[in-house]
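The chain contents come next:
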Amino acid sequence: MSLHNRKAIIIGAGHVGSHAGYALASQGIVEEIVYIDIDVSKAKAQALDIYDSTVYLPQHVTVRAGDYEDAADADILVVAAGPLPSIEGGQTRMDTLGQTVDILKEVIPGIKQSGFSGIIINISNPADVITHYIQNQLQYPPERIFSTSTTLDSARLRRVISEKIGIDQKSIYAYALGEHGESQMVPWSTVTVAGKPILELVKERPEKYGDLNFEELADQGRLGGWKILEGKGSTEFGIGASLAEVARAVLADEKRILPVSVLLNGEYGHKDVFVSVPSVIGKNGVEEIIELHLSSSEQIAFDKSVKALHENFELALSL
């Protein structure tokens, strides 16, 4: 894969796709962005709006609307097509599966015919199942397709821990694993503050850390997106920044470890399922899966999440 022109295709010009594009442009991660959307007028408008902003950005970026032929020489392809869950209807991300699959039945043939051979990053929900569905339908090399998945959930988790203990979130390492959705889990045995396990801090500094309610913190991280949806009807900035983070890891060949949804092949005791786990991301996509040592209770929670993803992938194939 050539990394010289740093070109990104974004399929879907809605709230999520537009903010993903702006994050890529404003951070100077790519030099060209092409939007593809069934609503051509909207794709053109979003592209023009972002393009206008580049006059005041540090780096020149070309932003335009196009079609699948533009994907042939692109480095990354972002799938941002599909509906947001309906708060009024009480939907979860998984409840949007049927609608997203219907849209992808139009999108996947376009990707296949384009000759695209770069890295596919999916941000359409339900993220893990949809990534597996795209990979399956394209028969795409699994190391070259993954989802941002719990990259954003992990950021939300780090934020709520930071707010609770009064230490900057960038000094905290914590992952939400499994599904980008209701069944995700947090392996607290692997959470560290300045490199020190948080479980040790609880024992050593009970006056500061002893009242931490791990279940409550995990819930706050998991429910962070729903609070945003309830307040303004969509999530935009967080997912845009998360997408930019993983795209940079690919295009700069950073070998960055991020919690993304990847196809397991025996890791964590599972295979043939896309699940979010810490992975090394570089120019070749998923270059290594990091297998954390989970406690027995954490493994049970992880297994439960994996089971849900297996079942819903089979459902996706039947739609």
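Small disclaimer: the values here were computed from a predicted structure and weren't measured.

## Let's talk about unusual backbone geometry
In this structure, the amide linkage connecting Asn125 to the following residue, Pro126, adopts the cis form with an omega of -5 degrees. Its place among the elements puts Pro126 in the loop between β5 (119–122) and α4 (127–138). The phi angle at Gln139 is positive, at roughly 55 degrees, despite the residue not being glycine. Phi angles above zero are rare outside glycine, and Ser149 is one such case at about 40 degrees. Among the structural elements, Ser149 can be located in the loop between β6 (145–147) and α5 (150–165).

## Considering the nonpolar core
The biggest cluster of nonpolar side chains holds 81 residues, and the ones touching the most others in it are Leu24, Ile33, Tyr35, Leu77, Phe146 and Phe302. Residue contributions to this core peak at eight residues, all from helix α10 (residues 237–251). With sequence-adjacent residues up to four places away left out, Leu24 is seen in contact with Ala8, Ile10, Ile29, Val30, Ile33, Leu243, Ala244 and Ala247. The next biggest cluster of nonpolar side chains, apart from the first, holds 17 residues, and it includes Leu157, Ile165, Val193 and Leu217.

## Re the packing of helix α1 (residues 15–26) against helix α2 (residues 40–53)
At their nearest, the axes of α1 and α2 sit 10 Å apart, and the two run at 25 degrees to each other. Taken together, the axes of α1 and α2 are roughly parallel relative to one another. Classified by chirality, the crossing of α2 by α1 is right-handed. Of α2, the residues touching α1 (which contributes Ser18, Gly21, Tyr22 and Ala25) are Gln46, Ile50 and Ser53.

## Examining α10
Under the 1.5 Å per step criterion, the end-to-end length of α10 is 21 Å for 15 residues, consistent within 8% with the ideal 21 Å. Those residues of α10 not exposed but buried are Ile239, Gly240, Ser242, Leu243, Ala244, Val246, Ala247, Ala249, Val250 and Leu251.

## Focus on the environment of Asn284
Take Asn284: it is sitting in the loop between β11 (271–282) and β12 (285–289). Classification of Asn284 by relative accessible area gives partly exposed; the value is 38%. Taking the C-alpha atoms as reference points, Asn284 and Ser26, separated by 258 residues in sequence, lie 24 Å from one another. In this structure, Asn284 is in contact with Ile119, Glu143 and Arg144, ignoring residues within four places of it in sequence.

## Describing the pattern of salt bridges
One pass over the full model with this rule turns up 16 salt bridges. In this structure, Lys7 and Asp73 form a salt bridge, with 2.7 Å as the shortest nitrogen-oxygen distance. Separated by 66 residues along the polypeptide, Lys7 in strand β1 (residues 7–11) and Asp73 in the loop between β3 (62–65) and β4 (76–79) bring together distant segments of the chain. Classification of Lys7 by relative accessible area gives buried; the value is 4%. Owing to a relative accessible area of 45%, Asp73 belongs among the partly exposed residues under this scheme.

Rules of the game
- Residues numbered from 1 in each chain as written.
- Predicted model: local features only at pLDDT ≥ 70, side-chain atom pairs only at ≥ 80, totals over all residues.
- Heavy atoms only, no water.
- Helix = DSSP H or I, 4+ residues; strand = E, 2+ residues; numbered from the N terminus.
- Core = buried A, V, L, I, M, F, W, Y, C linked by side-chain atoms within 4.5 Å.
- Buried < 20%, exposed > 50% of the residue type's maximum accessible area, 1.4 Å probe, protein only.
- Contact = heavy atoms within 4.5 Å.
- Axes fitted to C-alpha atoms, helices over the stretch in contact; angles between N-to-C directions.
- Parallel < 35°, antiparallel > 145°, perpendicular 65-115°, else oblique.
- Left-handed = near helix turned anticlockwise from the far one by under 90°.
- Expected span 1.5 Å × (residues − 1).
- Salt bridge = Lys/Arg side-chain N within 4 Å of Asp/Glu carboxyl O.

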